[in-house]
Amino acid sequence: MSYRKTSLTFIFLIGIVLSLMAFLSYKSDTTSIIADNDMPDAYMETVNAVIIDKMGNPSLKIITPRVLHFSKNDTSEFIDPHLTLYRQSPEPWYIAARFGRAQNGISHVIFWDEVTMHHAADMKNPNTLIKTPKLTVNPKEQTASTNDDITLIQPNLIIRAIGMTADLNAGNVKLLSAARGEYVPDA
């Protein structure tokens, strides 16, 4: 009888030790996920944010239905972002896409899936619309670039090219390769 009690006690202790090990293993896995910062630390819905410069003038505006923020690399992910970049010209650049990601705050913003850039005509530049699948924007430097296909549309002109760099403040767009233009007369 004593052998039987000892065996049952031993089996019971082994069960407790195995259960405790499984619990601690699960808890450490959960902790490593949180420590890796793979989960968002904040989210916002219906965002309409304006960033102003030192002089109190708007420099950037972002409108998006949802933002997820990740503490790792200070990264934010946007759904249907609409970015307005104010510049020296009275007409800002408008950038829209299905998705976006800002890294290191807003120093580096990547847009992808149905990206459009639009600038209304001003004293120096004609009305301009640029379409591309992916675009990188540096708001502080007021630059944009892509290595993907682009379509640039201006009055009476459609240009297709591969890649571009743009100085958004000056309104200059440099096409990188395989540029082909088409004159489109008024109807």
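In this report, we go over the structure that sits alongside the text. Source: prediction; values computed, not measured.

Secondary structure assignment for the chain yields 1 helix and 11 strands. When the helices and strands of the chain are read in sequence order from the N terminus, they spell out α-β-β-β-β-β-β-β-β-β-β-β. A burial count over the chain gives 27% of its 187 residues as buried. A fraction of 36% describes how many contacts in the chain between residues 6 or more apart in sequence connect residues 24 or more apart. As displayed, the chain has an accessible area near 12300 Å², and 59% of this comes from carbon and sulfur atoms.

Core analysis: the largest hydrophobic core is formed by 26 residues, its most contacted members being Ile 95 and Met 117. For this core, the elements supplying multiple residues, two or more each, are β2 (58-70), β4 (82-85), β5 (93-96), β7 (108-119), β8 (128-138), β9 (143-154) and β10 (157-167). For Ile 95, the contacting residues outside a window of four places in its chain are Pro 81, His 82, Leu 83, Leu 85, Phe 111, Val 115, Thr 116, Met 117, Leu 135 and Val 137.

Time to look at the environment of Arg 87. Relative to the helices and strands, Arg 87 is located in the loop between β4 and β5. Taking C-alpha positions, Arg 87 is 9.0 Å from Leu 60, a pair spaced 27 residues apart along the chain. Residues in contact with Arg 87, not counting those within four places in the same chain, are Trp 93, His 119, Asp 122, Asn 125, Gln 142, Leu 168, Asn 169, Ala 170 and Gly 171. Within the structure, the side chain of Arg 87 is placed 3.0 Å from the backbone oxygen of Glu 91, a separation counted as a polar contact. A distance of 2.3 Å separates polar atoms of two side chains, one belonging to Arg 87 and the other to His 119.

So, on to the environment of Ser 89. Structurally, Ser 89 can be placed in the loop between β4 and β5. Residue Ser 89 is classed as buried on the basis of its relative accessible area, which comes to 14%. C-alpha of Ser 89 to C-alpha of Gly 171: the two residues are 82 residues apart in sequence and 8.9 Å apart in space.

Applying the stated rule across the entire model yields 1 aromatic pair. Seen in terms of ring centroids, Phe 99 and Trp 112 are 5.9 Å apart; in terms of plane orientation they differ by 20 degrees. Their pairing is stacked. Placement of Phe 99 in strand β6 (residues 99-103) and of Trp 112 in strand β7 is noted, with a sequence separation of 13 residues between them.

For the structure on display, the rule yields 4 salt bridges. Between Arg 101 and Glu 77 there is a salt bridge, with the nearest N and O atoms lying 3.3 Å from each other. Remark: Glu 77 occurs in strand β3 (residues 75-79) and Arg 101 occurs in strand β6; sequence separation between them is 24 residues. Relative accessible area serves as the criterion here: at 27%, Glu 77 is assigned to the partly exposed category. Of the charged contacts, one joins Arg 87 and Asp 122 as a salt bridge, the two residues approaching to 3.0 Å between their closest N and O atoms. You can see Arg 87 sitting in the loop between β4 and β5 and its partner Asp 122 sitting in the loop between β7 and β8, a full 35 residues away along the chain. Owing to a relative accessible area of 11%, Arg 87 belongs among the buried residues under this scheme.

Turning our eyes to something else, we now look at the environment of Ala 96. Here Ala 96 shows up in strand β5. Taking the C-alpha atoms as reference points, Ala 96 and Val 115, separated by 19 residues in sequence, lie 5.7 Å from one another. Sequence-distant contacts of Ala 96, that is, excluding residues within four places in its chain, are made with Pro 81, His 82, Glu 114, Val 115 and Thr 116.

Along the chain, Thr 136 turns up in strand β8. The exposure class assigned to Thr 136 is buried, which follows from its relative accessible area of 18%. Thr 136 has contacts with His 108, Val 109, Ile 110, Thr 143, Ala 144 and Ser 145, leaving out every residue within four places of it along the chain.

What counts and how
Residues numbered from 1 in each chain as written. Predicted model: local features only at pLDDT ≥ 70, side-chain atom pairs only at ≥ 80, totals over all residues. Heavy atoms only, no water. Helix = DSSP H or I, 4+ residues; strand = E, 2+ residues; numbered from the N terminus. Buried < 20%, exposed > 50% of the residue type's maximum accessible area, 1.4 Å probe, protein only. Contact = heavy atoms within 4.5 Å. Areas by Shrake-Rupley, 256 points an atom, 1.4 Å probe, with all protein chains shown as cover. Core = buried A, V, L, I, M, F, W, Y, C linked by side-chain atoms within 4.5 Å. Polar contact = N/O pair within 3.5 Å; in protein donor to acceptor, adjacent residues only side chain to side chain. Phe/Tyr/Trp six-rings, centres within 6.5 Å; stacked < 30°, edge-to-face > 60°. Salt bridge = Lys/Arg side-chain N within 4 Å of Asp/Glu carboxyl O.

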